[in-house]
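Descriptive structure summary
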Amino acid sequence: MRTRRFLLGIPVGALLLTAAWAVPGWRSNELVLGDLPIAADPGEELQGGATTVAASGNTSFGRSPANMYRARWPYFHKGKGVFDRDWLAPKFAPVRVGPLFSAASCTTCHDRDGRGQPPASLVFQLSGPEGQRAHPLYGVQLDPRGVEGTQAEGQAVVTYDEVPGEFADGTPFSLLRPRYTFKALSRGPLGEGAQFSPRVSPAVFGLGLLEAIPEETLLALADPEDANGDGISGRPNYVEDDVERRPKLGRFGWKANQPSVQQQVVHALFADMGLTTSQLRDGTAEPELGQEELDALVFYTRLLAVPKRRDWDAPQVLRGKAVFRAIGCGGCHVSGPLETGDVPDLPELSRQKLYPYTDLLLHDMGEGLADGRPDGLASGSEWRTPPLWGIGLVEVVNGHTRYLHDGRARNLEEAVLWHGGEAAPARERYVRLPLEDREAMLAFLRSL
């Protein structure tokens, strides 16, 4: 394979990658990129392996897998019907959302199976003082809506402070730091010591593939004590499985607080829409969503396909991939392939080579992104590494470019610049890159 090396963004011949990239004391005059491939890795454009779909339009996140059996299509579309259903529509009475809720359908927040933005799809998960999992007055989530005759719990107001900054070459930038206040709280103030965490809805494609990665693969990526001294100490979150009644590895949610697609779905139905299921019900009443429709919804959510990359072999994109790896982003957003195991009920997902750009582990992202609210084993400053596949299509599918857990970043570059904690050294290296290499890395991210 041919290689190209760069010194401060300029090809300089055969230079080795220096250890300076991985140490906090790195200086801009040590910026040496070595042994960087300028050829694409075989198959890297197929981010979801054989399930990958060649789609780049506004329905790119809502496709069935390319390798799915034709006989499964009706069941897949049945699940889509449940996902898209407006539970406030009179024809679905008496099964309706609420009485308190945040959204009336899955697609309200996950428009076209994609990513939400603030303030429309911003929800606030709550905890009480002294480590209480739920708030004593408002439960686990503040509900801003109620059915007719029911008073909503309250509203959140988001304002932003401008945070100025500057790249090493003197180019200015600015970030938005959110501030949250609450009004019309129906049961009184949240109270001293109460905790809240703002969350926007993530895209929902590719979840079945992430679920199919063997646990031992993910645990092999963990380094909770930073034994290798690279400053990155990813660790797993273990959470209670509702069915098996034992701790299991968390994979889904902003803090990896759900162990399976099914549990993620039933908790979202309950918390966001007030819909009960056989797995999570309110009291002894019959589940509002029947088992047949729940199974179809989970099937649909597990099978949503990952879109194929665009321009993956373009010179600027390949250069950006090299920069991404060299400055340390791959320490959390694993750039090499991960392989799924055998999935007996879903052979489409079995033995697939994936490029999700995540380790699904918890990382301390620093005080700038901290919500202060623990979740399972996750601390108030830890977040699960979000997958990056499909991130370059968010604007096409959802019509916006808001990123991070609360949507504060207005574009991909701002998302990079908000990284702190374990990612602070990589962020500092990005700030010191010349414009040409910053643009190349952003082109790489847009290709995913």
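Note: the structure precedes this text.
Now for a quick tour of the structure. Small disclaimer: the values here were computed from a predicted structure and weren't measured. (Residues numbered from 1 in each chain as written. Predicted model: local features only at pLDDT ≥ 70, side-chain atom pairs only at ≥ 80, totals over all residues. Heavy atoms only, no water.)

1. Observations regarding the overall build of the protein chain
What counts here: Every helix listed is a DSSP run of H or I at least four residues long, and every strand listed is a run of E at least two residues long, numbered separately from the N terminus. In this treatment the radius of gyration is a C-alpha quantity, and the globule benchmark scales as 2.2 Å times the residue count to the 0.38 power. Whether a residue is buried, partly exposed or exposed follows from its accessible area with a 1.4 Å probe, protein chains only, as a fraction of its type maximum: under 20%, in between, or over 50%, in that order. Whether two residues are in contact is decided by their heavy atoms: any pair within 4.5 Å suffices. Note on areas: Shrake-Rupley with a 1.4 Å probe; residue coverage comes only from the protein chains shown.
A count of helical and extended segments in the protein chain gives 11 helices and 15 strands. Its C-alpha radius of gyration of 22 Å places the protein chain within 12% of the 22 Å reference for a compact globule of 448 residues. Across its three principal axes, the protein chain shows a C-alpha extent of roughly 70 × 55 × 40 Å. For the protein chain, the residues scored as buried account for 51% of the 448 residues in total. Sequence-distant contacts, at least 24 apart, represent 67% of the contacts inside the protein chain between residues at least 6 apart. Here the protein chain has roughly 19200 Å² of accessible surface; of this, 53% comes from carbon and sulfur atoms.

2. Observations concerning the pairing of strand β7 (residues 155-166)
Note the following rule: Strands pair, by our definition, only if DSSP identifies at least two bridges between them.
Where β7 lies against strand β8 (residues 172-183), 12 bridges are found, and the strand directions are antiparallel. Residue Pro-164 lies in a different strand from β8, and its bridge partner there is Ser-174.

3. Remarks on the side chain of Gln-352
Our working rule: The term polar contact refers here to a pair of N or O atoms within 3.5 Å; inside protein, the definition further demands a hydrogen-donor-capable atom paired with an acceptor-capable atom, and it admits residues adjacent in sequence only when both atoms are side-chain atoms.
By the element assignment, Gln-352 lies in the loop between β12 (338-339) and β13 (353-354). Judged by relative accessible area, Gln-352 falls into the buried class, the value being 9%. From its side chain, Gln-352 meets the backbone nitrogen of Ala-50 in a polar contact 2.7 Å long. Engagement of the side chain of Gln-352 in a polar contact is seen with the backbone oxygen of Glu-348, the distance being 3.4 Å. Once residues lying within four places of it in the same chain are set aside, the contact partners of Gln-352 are Gly-48, Gly-49, Ala-50, Thr-51, Asn-67, Leu-209, Leu-338, Glu-339 and Thr-340.

4. Considering the packing of aromatic side chains
The condition is simple: Classification of ring pairs rests on two measures: the distance between centres of Phe, Tyr or Trp rings, Trp counted by its six-membered ring, which must be within 6.5 Å, and the angle between planes, read as stacked under 30 degrees, edge-to-face over 60 and tilted in between. As a reminder, the over-ring test applies to NZ of lysine and CZ of arginine, requiring each to be within 6 Å of the ring centre and within 35 degrees of the ring normal.
A full pass over the atoms with the stated rule returns 14 aromatic pairs. Ring centres of Phe-76 and Tyr-300 lie 4.8 Å apart, and the angle between their planes is 50°; this geometry places the pair in the tilted category. On the criterion of sequence distance, the pair formed by Phe-76 in helix α1 (residues 73-84) and Tyr-300 in helix α6 (residues 291-303) is long-range, its members being 224 residues apart. Every member of this aromatic cluster is reached through a ring pair, and the members are Phe-124, Tyr-180, Phe-182 and Phe-196. Sitting over the ring of Trp-383, Lys-255 keeps its end group 4.4 Å from the ring centre. Above the face of the Phe-167 ring, Arg-438 is positioned so that its terminal group lies 3.8 Å from the ring centre.

5. Description of the pattern of salt bridges
Opposite charge on two side chains permits pairing when their charged atoms draw close. This is how it is decided: Basic side-chain nitrogens of Lys or Arg form a salt bridge, by our definition, when they fall within 4 Å of a carboxyl oxygen of Asp or Glu.
The final tally for this structure, using the stated rule, is 31 salt bridges. One salt bridge in this structure joins Glu-244 and Arg-246, with 2.7 Å as the shortest N-O distance. For Arg-246, a relative accessible area of 41% gives the class partly exposed. Taken together, the shared-partner salt bridges in this structure form one network comprising Arg-133, Arg-199, Lys-255, Asp-371, Arg-373 and Asp-375.

6. Examining a nonpolar patch on the surface
Short version of the rule: By definition, no residue in a patch forms a salt bridge, and every one has over 30% relative accessible area; like charges are joined within 9 Å, nonpolar side chains (Val, Leu, Ile, Met, Phe, Trp, Tyr) within 5 Å.
Together, Leu-219, Tyr-238 and Leu-377 line one region of the surface with nonpolar side chains, adding up to about 230 Å² of accessible area. You can see Tyr-238 is positioned in strand β10 (residues 238-240).

7. Notes on unusual backbone geometry
Between Gly-98 and the following residue, Pro-99, the backbone shows a cis peptide bond with an omega angle of 15°. Considering the arrangement of structural elements, one finds Pro-99 in the loop between α1 and β4 (100-101). Positioned with a positive phi, Ala-184 is a non-glycine residue whose angle comes to about 55°. Relative to the helices and strands, Ala-184 resides in the loop between β8 and β9 (195-200). Of note, the phi angle at Arg-245 is positive, near 55°, even though the residue is not glycine.

8. Describing α1
To keep things clear, this is the line we draw: A helix's residues, less one, multiplied by 1.5 Å, set its expected span. Relevant arc is that of directions from the helix axis to the C-beta atoms, nothing else.
Compared with the 16 Å implied by 1.5 Å per residue over 12 residues, the 16 Å span of α1 between its first and last C-alpha is a close match. For α1, every residue scored as buried is listed here: Phe-76, Gly-79, Val-82 and Phe-83. Down the axis of α1, the smallest arc covering the buried residues is 115°, so these residues share one side. Where α1 is buried, its residues meet α2 (106-109) and α6.

9. So, the environment of Leu-361
Along the polypeptide, Leu-361 turns up in the loop between β13 and β14 (362-364). On the basis of relative accessible area, Leu-361 is assigned to the buried category, the value being 1%. Setting aside anything within four residues of it in sequence, one finds Leu-361 in contact with Leu-218, Leu-221, Ala-222, Gly-234, Arg-235, Pro-236, Trp-383, Arg-384 and Thr-385.

10. Brief notes about the packing of α1 against α6
For the record, the criterion: Only the stretch in contact is used when fitting a helix axis, every axis being a line fitted to C-alpha atoms; angles between N-to-C directions are given from 0 to 180 degrees. We call two directions roughly parallel when the angle between them is under 35 degrees, roughly antiparallel when it is over 145, roughly perpendicular when it lies between 65 and 115, and oblique otherwise.
The contact between α1 and α6 brings their axes to 7 Å, and the two run at 100°. If you check the angle between α1 and α6, you find them roughly perpendicular. Two secondary-structure elements touch here, α1 through Tyr-75, Phe-76, Lys-78, Gly-79, Lys-80, Val-82 and Phe-83 and α6 through Glu-292, Glu-293, Asp-295, Ala-296, Leu-297, Phe-299, Tyr-300 and Leu-303.

11. A look at the environment of Ser-56
Its place among the elements puts Ser-56 in the loop between β3 (32-37) and α1. Given a relative accessible area of 46%, Ser-56 falls into the partly exposed group. Every residue in contact with Ser-56, bar those within four places of it in the chain, is listed here: Arg-310, Leu-393 and Val-396.

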